[in-house]
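Commentary on secondary and tertiary structure
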Amino acid sequence: MQLYPKPNARHRIEHCAMVNEELLSKVKRFGIVPISNPVFLYEFGDGYVENYGEESANRMFTCKSFIDRGIIAAGASDCPITCSDPLMGMHLAVNRETKSGRVINPEERVTPMEALRMFTYNGACASNEEDIKGSIEVGKLADLVVLDGDFTEVEPAGIKDMKVDLTILDGKIVYKNDGRRVPV
């Protein structure tokens, strides 16, 4: 980074999967944005425990450790390798469960609001675009969804079951809960 300085560069680690204290310290020190894929725990978590052992699996996709250290960590899906549903990604950041229902390292669970931030504002930060998207503010792109319930009040196990009632892109409604795509 010092050999080739770039003002406002924001370095990222895609698939920042298995971390330890040393890596967490370096990520923090260098201002790196880790991109976590919590949905991998669901898709592959049982295999991680079987093949790498529980101790190693416990250090995978450690969203809470990032947040607790003040690291801006973004959430992602890695679609088409896993499902593209951001609600499922947030659900898994909050619940950390595998397909079999096994919970991997519950201390690394984040709150629903922390998960929402990972998949919105922090994602915008990862691409150096937080000045135009990632939060609902005057002057920013009006890209948002309206859900069928209060994301902050739903039981953590129910996040994945929430439905999108409305999708707005650039201030225009492009999807309604009846499933019709609205011409843009």
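Right above here is the structure, for reference.
Residues numbered from 1 in each chain as written. Predicted model: local features only at pLDDT ≥ 70, side-chain atom pairs only at ≥ 80, totals over all residues. Heavy atoms only, no water.

1. A word on the packing of aromatic side chains
One pass over the structure, following the stated rule, counts four aromatic pairs. For the ring pair F40 and F44, a centre distance of 5.4 Å and an interplane angle of 80° mean the geometry is edge-to-face. With F40 and F44 both in helix α2 (residues 39–52), this residue pair falls four residues apart, about one helical turn. Owing to a relative accessible area of 33%, F44 belongs among the partly exposed residues under this scheme. Three or more aromatic residues link up through ring pairs in this structure, and these residues are F40, F44, Y48, Y52 and F61. (Phe/Tyr/Trp six-rings, centres within 6.5 Å; stacked < 30°, edge-to-face > 60°. Helix = DSSP H or I, 4+ residues; strand = E, 2+ residues; numbered from the N terminus. Buried < 20%, exposed > 50% of the residue type's maximum accessible area, 1.4 Å probe, protein only.)

2. Some words on the sheet that holds strand β5 (residues 164–169)
Ordered by their spatial adjacency, three strands build an open sheet running β4-β5-β6, and the pairing between neighbours is antiparallel. A single partner strand is all that each edge strand has here, and the edge strands are β4 (144–147) and β6 (172–176). Sheet twist, expressed as the mean angle between neighbouring strand axes with direction ignored, is 20°. As paired elements, β5 and β6 share four bridges and run antiparallel to each other. Across the sheet, the residue bridging to L169 is K172, located in β6. (Pairing = 2+ DSSP bridges. Axes fitted to C-alpha atoms, helices over the stretch in contact; angles between N-to-C directions.)

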